[in-house]
Amino acid sequence: MNHASGSIPDILFEVRSVTRRFDGLTAVDGVSLSVTHGECVSVIGPNGAGKSTLFNLLTGMDVPDEGEIRLDGEDVTGTSPERLAARGIARTFQHGRVFGNLSVLDNVLIGAHSRLALARPGWPVVGACAEVLRALVRPSALRREEEALRAEAQAIIARFGSRLSPRIDQPAHSLSYANRRRVEIARALALQPRILVLDEPTAGMNESETAEMLELILELKRDGLTILLIEHKLDLVMRLSDHVIVLDNGKKIAAGLPDDVRNDPTVIEAYLGHRHVGARAGQGEKPSEESSEEHNAARTELAATGAQQAA
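Residues numbered from 1 in each chain as written. Predicted model: local features only at pLDDT ≥ 70, side-chain atom pairs only at ≥ 80, totals over all residues. Heavy atoms only, no water.

Trainee: How should I be thinking about the sheet that holds strand 6 (residues 89-91) in this particular structure?
Mentor: One key point about sheets: their strands pair by backbone hydrogen bonds, in either a parallel or an antiparallel sense. With mixed pairing, six strands are arranged side by side in an open sheet as 6-7-8-3-9-10. Both edges of this open sheet fall to strand 6 and strand 10 (251-256), since each of them pairs with a single strand only. If you compare each strand with its neighbour and ignore which way they point, the axes differ by 15° on average. Relative to strand 8 (residues 226-230), strand 7 (residues 195-199) runs parallel, the two sharing five bridges. The residue of strand 8 that forms the bridge with Asp199 is Ile230. The strands touched by helix 7 (residues 207-222) are strand 3 (40-44), strand 7 and strand 8; relative to strand 8, the strand with the most contacts, the crossing angle is about 150°. (Pairing = 2+ DSSP bridges. Helix = DSSP H or I, 4+ residues; strand = E, 2+ residues; numbered from the N terminus. Axes fitted to C-alpha atoms, helices over the stretch in contact; angles between N-to-C directions. Contact = heavy atoms within 4.5 Å.)

Trainee: Looking at this model, I keep getting lost on the nonpolar core. Mind explaining?
Mentor: Considering soluble globular proteins, one finds that nonpolar side chains tend to be buried as a cluster. Within the largest apolar cluster, 41 residues are counted, with the highest numbers of intra-cluster contacts made by Leu196, Ile227 and Leu240. At the level of secondary structure, the elements contributing two or more residues to this core comprise helix 3 (104-110), helix 5 (140-158), helix 6 (177-189), strand 7, helix 7, strand 8 and helix 8 (234-240). In contact with Leu196, not counting residues within four places along its chain, are Ala90, Ala188, Leu189, Leu220, Leu225, Thr226, Ile227 and Leu228. (Core = buried A, V, L, I, M, F, W, Y, C linked by side-chain atoms within 4.5 Å. Buried < 20%, exposed > 50% of the residue type's maximum accessible area, 1.4 Å probe, protein only.)

Trainee: What am I meant to see in the sheet that holds strand 2 (residues 25-36) here?
Mentor: Taken together, four strands build an open sheet; the order of strands is 2-1-4-5 and the sheet is antiparallel. In the strand order of this sheet, the two ends are held by strand 2 and strand 5 (74-75), each with one partner. Judged from the five bridges that link them, strand 1 (residues 11-22) and strand 4 (residues 66-71) form a sheet pairing that is antiparallel. Bridge pairing in strand 4 places Thr19 opposite Glu66.

Trainee: Hey, could you run me through the packing of aromatic side chains in this one?
Mentor: Two aromatic rings, taken as a pair, are described by how far apart their centres are and by the angle between their planes. Under the counting rule described, the total for this entry stands at zero aromatic pairs. A cation over an aromatic ring shows up here: Arg20 above the ring of Phe22, its NZ or CZ 4.4 Å from the ring centre. When the ring centre of Phe93 is taken as reference, the NZ or CZ atom of Arg97 above it lies at 4.0 Å. (Phe/Tyr/Trp six-rings, centres within 6.5 Å; stacked < 30°, edge-to-face > 60°. Lys NZ or Arg CZ within 6 Å of the ring centre and 35° of its normal.)

Trainee: Would you explain helix 6 in this entry?
Mentor: For the α-helix, the turn length of 3.6 residues means that residues three or four positions removed from each other point alike. Taking 1.5 Å per residue, 13 residues should reach 18 Å; helix 6 reaches 19 Å between its end C-alpha atoms and fits that length. Summarising burial for helix 6: eleven of the 13 residues are buried, a large majority. Buried within helix 6 we find Ala178, Asn179, Arg181, Arg182, Val183, Glu184, Ile185, Ala186, Arg187, Ala188 and Leu189. Check the buried side of helix 6 and you find it contacts strand 6, helix 3, helix 5, strand 7 and helix 7. (Expected span 1.5 Å × (residues − 1).)

Trainee: What's the story with the pairing of strand 1 in this structure? I'm lost.
Mentor: Summarising the sheet, strand 1 and strand 2 pair through eight bridges and their orientation is antiparallel. When the sheet's bridge partners are listed, Ile11 is paired in strand 2 with Thr36. Hairpin remark: strand 1 followed by strand 2, antiparallel, with two residues in the connecting loop; positive phi at Asp23, about 55°.

Trainee: Looking at this structure, how should I read a nonpolar patch on the surface?
Mentor: On the surface, Phe99, Leu102 and Ile110 cluster together into a nonpolar patch covering about 230 Å² of accessible area. By the element assignment, Ile110 lies in helix 3. (Patch = residues over 30% accessible without salt bridge, like charges linked within 9 Å, V, L, I, M, F, W, Y side chains within 5 Å. Areas by Shrake-Rupley, 256 points an atom, 1.4 Å probe, with all protein chains shown as cover. Salt bridge = Lys/Arg side-chain N within 4 Å of Asp/Glu carboxyl O.)

Trainee: Looking at this structure, how should I read the side chain of Glu209?
Mentor: Mapped onto the elements of the fold, Glu209 is located in helix 7. Of the buried charged residues, Glu209 lacks a salt bridge, with Arg163 as the closest side chain of opposite charge at 4.2 Å. The residues touching Glu209, leaving out its near neighbours within four places in the chain, are Arg163, Ala178, Arg182 and Gly204. (Lys, Arg positive; Asp, Glu negative; His and termini not counted.)

Trainee: When you look at the pattern of salt bridges in this model, what are you seeing that I'm missing?
Mentor: Throughout the structure, instances matching the rule amount to 17 salt bridges. For Asp199, the salt bridge is made with Arg91, and the minimal N-O distance between the two is 3.5 Å. Residue Asp199 is found in strand 7, and its partner Arg91 is found in strand 6; the two are separated by 108 residues along the sequence. Judged by relative accessible area, Asp199 falls into the buried class, the value being 1%. On the accessibility criterion, Arg91 (12% relative accessible area) is buried. Between Lys221 and Asp242 there is a salt bridge whose closest N-O contact spans 3.4 Å. Highlighted residues: Lys221 in helix 7 and Asp242 in the loop between helix 8 and strand 9 (243-248), separated in sequence by 21 residues. Note on Lys221: relative accessible area 21%, which makes it partly exposed. The network of salt bridges with common partners includes Glu14, Arg16, Glu68 and Arg70.

Spelled out as structure tokens, the structure:
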């Protein structure tokens with residue numbers, strides 16, 4: 001990200017020229033970004049732009065073919081998801097993932113598992129045996145730790161108000177789609193993350209539910225949590241983001257402050273899906289009335305997000 005001249009950015013997370021190919025398709029093509037402590041950085045772009053693939057690379061779900069990923073200045077490229085989680089990277093997914101047969105509370109507690117003393121990395125075989133033994137014997141220190149984590153999980157669930165609190169003991173499969181998304185975010189928060197990676201957190205939510213999620217994420221941001229976000233609802237992106245990165249066909253086509261990105265002609269064209277805009281002009285023809293109307297509509301949509309943000 002760009003910082004004022006002379007300042008030293010407190011970079012927490014850095015991505016350097018990351019590329020991922022699948023056979024003949026380059027899904028992520030030389031993307032770089034950096035996130036400083038307490039920032040909310042949003043990654044936007046049309047469907048198929050490579051956003052979720054990028055997040056898979058950043059969270060250890062996949063390994064880049066080229067490039068480097070650094071956390072606190074240390075190279076963590078190819079580090080497994082569980083080890084990244086232990087270092088404070090929590091993630092939600094584009095398609096919500098919860099344990100349907102577990103209660104809301106137990107789903108959230110799973111997010112805190114890596115914080116348990118008995119779950120901390122050790123020798124692979126000895127550590128696993130020790131974990132089983134301590135789970136069977138349940139020493140008093142373990143019981144106290146579990147009770148503290150349960151109280152934390154209940155407090156996290158309470159942040160979602162009447163959406164989750166009355167359903168704390170209900171199985172996750174009985175919840176609405178929007179509430180399952182909330183459970184997934186609550187589970188990520190139980191890790192006490194240093195970086196919260198959210199992949200379309202308001203997908204499937206109506207306007208009022210989206211507004212509630214906006215307020216929650218704003219509250220997390222005020223608490224100082226660092227957030228990486230993918231979101232298609234541009235008004236939400238513009239209100240939350242300190243910086244915005246735009247991908248199209250796997251490449252970073254724009255980056256900067258929300259106002260700058262919103263008015264970038266390249267971004268407007270990407271959101272049109274390259275339909276007509278500039279195509280005829282490139283052949284020496286005047287753009288059609290239809291393409292001009294589409295271009296103006298895209299500009300109006302992006303501009304409207306600015307008006308809502310200002311309001």
